[in-house]
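Coordinates in review
Below are the chains, spelled out letter by letter.
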Amino acid sequence: MTNKPVPFRVLCLDGGGMRGLYSAALLDTLIKRVRGTTDSIDAGKAFDLIVGTSTGGILALGLAYGLPLQDIIDLYVKKGSGIFPNPMPKYISGWLSWLPKRQGAANTGQAALRRALDEQFQETTIKQLYDKRGIAVCVPAVRMATRKAWVFKTPHIPARANHQAKNRDDNYKLTDVCLATSAAPILLPLAAVDNPDDETRYDVFADGGLWANNPTLIGLIEALEITESQRDIQIISISTASPPTGMVIDRDDINPGLLALKAGVVPLETSLDAQASGTQFMAKFLCPHLKANVEIIRLAYDAPSNEQALCVALDRADKRALTALTDMAKSDAENNILGVDSKHSEAEKRLLREIINSMPVMENALQEAA
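1. Structural notes on the pattern of salt bridges
Using the criterion set out here, one finds 16 salt bridges in the structure. Put simply, Arg143 and Asp203 hold a salt bridge, and the shortest N to O gap is 2.8 Å. With a gap of 60 residues between them, Arg143 in strand E3 (residues 136–143) and Asp203 in strand E6 (residues 202–207) connect regions that are remote in the sequence. In this structure Arg143 comes out as buried when scored by relative accessible area, which is 19%. Residue Arg168 pairs with Asp169 through a salt bridge whose shortest N-O separation is 2.7 Å.

Dropping the structure here:
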């Protein structure tokens, strides 16, 4: 009698700018409620593969690196206003004064983000991360020279029959990967990243959310390749707190002007939301046709209140926005995920608790306790 291999576990994290605070706070609240402890938990160690896009890419690399969730939350809370110093106005009337300041604020914000990331990751490269922690990571971006998808990967797939080892990205620094995946058009500049293997070359990247804002399919495909469909696959997919979306458009007003489209922000947000929801449907319908047994649990936000919705945006980092995102995360974790009115089945909640209980306490916390 052979023992069945343990399931291969994947964490997938959506993009969404400052709304990544919701994702981090949601995961933190779930862990505290399930574990009943304030110990610093190494959440990344519960997963074989972590995939994140844009702000989710920063969270993914932080968890894989071994940062406590509180440190990642502090990145949003303490550094957010410096990264997004000139948030988009809610109403068209404010756009004429916002646009002239946009470029300077975007450059300032990207520099602030680089400093914050360097504080956490120093000079660590993708390969060094994998060698130290053994957690596979995928982070999507767009290479602007070709306008094609690019996925930064740890060297987790070795050479084998009919396959070369995948180690193209070994020497990229984690900071540069974060800047590449989060270079959201309009909000932040494109990211110019030096080629670590050729000092004469560089590449320019745009936000991975342009094609994979919900990276669940990337996580599924990568898990199938790593396991060669020989293990069960369990995927936890976490959204960001997108406010209610949708437009009421008059039949005679289907050619809106630049201001009505908020200088391109409306198409950007539409692309992110549509892609995130479409990916989830595709993954759901694909799973029954695979050789591997795949389970996907999507932890999606509940609808915020009208007041919360007014506070939440890709680039809002003021006190009201931070409070709204944190409150929404705690409420969703306690009520809509773990509560008696949960949208999830008992089997899904049981699996979620099992994964959270498998997370070890941080090694430095163990050393301090000793």
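Structure's up, so let's keep going.
2. Quick word on the pairing of E3
The side chains of a regular strand alternate between both faces of the sheet. The element E3 is largely enclosed, with a buried count of 8 among its 8 residues. Neither face of E3 is left uncovered, since the one carrying Ala136, Cys138, Pro140 and Val142 and the one carrying Val137, Val139, Ala141 and Arg143 both have all their residues buried. The antiparallel hairpin formed by E3 and strand E4 (residues 148–153) contains 4 residues in its connecting segment, where Arg147 sits at a positive phi of about 55°. With 3 bridges joining them, E3 and E6 adopt antiparallel strand pairing. Within the sheet, the bridge partner assigned to Ala141 lies in E6 and is Asp207.

3. Structural notes on helix H11 (residues 319–337)
The periodicity of an α-helix, 3.6 residues per turn, causes residues three or four positions apart to be oriented the same way. Its 19 residues give H11 an end-to-end C-alpha distance of 26 Å, which sits within 8% of 27 Å, the value for a rise of 1.5 Å per residue. A maximum bend of about 25° is found in H11 at Ser331. What H11 keeps buried is the set Ala321, Leu322, Ala324, Leu325, Met328, Ala329, Asp332, Ala333, Asn336 and Ile337. Tucked into the core, H11 has its buried residues touching helix H1 (20–35), helix H3 (69–83), strand E8 (294–299), helix H10 (306–311) and helix H12 (346–357). If you check the start of H11, you find a side-chain oxygen 3.1 Å away from the backbone N of Arg320, and it comes from Asp318.

4. Here we look at the state of the cysteines
Under the defined criterion, the tally for this structure stands at 0 disulfides. Just so you know, Cys12 is unpaired, no disulfide at all, and the nearest cysteine sulfur is the one on Cys138, 9.1 Å from it. A residue is classified by how much of its surface remains accessible, and Cys138, at 0% relative accessible area, is buried.

5. A few points about the packing of aromatic side chains
Taken as a whole, this structure holds 5 aromatic pairs when the rule is applied. Stacked on the ring of Tyr65, the Lys or Arg Lys132 has its end atom at 6.0 Å from the ring centre. Here Arg168 stacks its cationic end above the ring of Trp150, 3.7 Å away from the centre of that ring.

The rules behind the values
- Residues numbered from 1 in each chain as written.
- Predicted model: local features only at pLDDT ≥ 70, side-chain atom pairs only at ≥ 80, totals over all residues.
- Heavy atoms only, no water.
- Salt bridge = Lys/Arg side-chain N within 4 Å of Asp/Glu carboxyl O.
- Helix = DSSP H or I, 4+ residues; strand = E, 2+ residues; numbered from the N terminus.
- Buried < 20%, exposed > 50% of the residue type's maximum accessible area, 1.4 Å probe, protein only.
- Pairing = 2+ DSSP bridges.
- Expected span 1.5 Å × (residues − 1).
- Bend = angle between axes of the 7 residues up to and from the residue.
- Contact = heavy atoms within 4.5 Å.
- Polar contact = N/O pair within 3.5 Å; in protein donor to acceptor, adjacent residues only side chain to side chain.
- Disulfide = S-S within 2.5 Å.
- Phe/Tyr/Trp six-rings, centres within 6.5 Å; stacked < 30°, edge-to-face > 60°.
- Lys NZ or Arg CZ within 6 Å of the ring centre and 35° of its normal.

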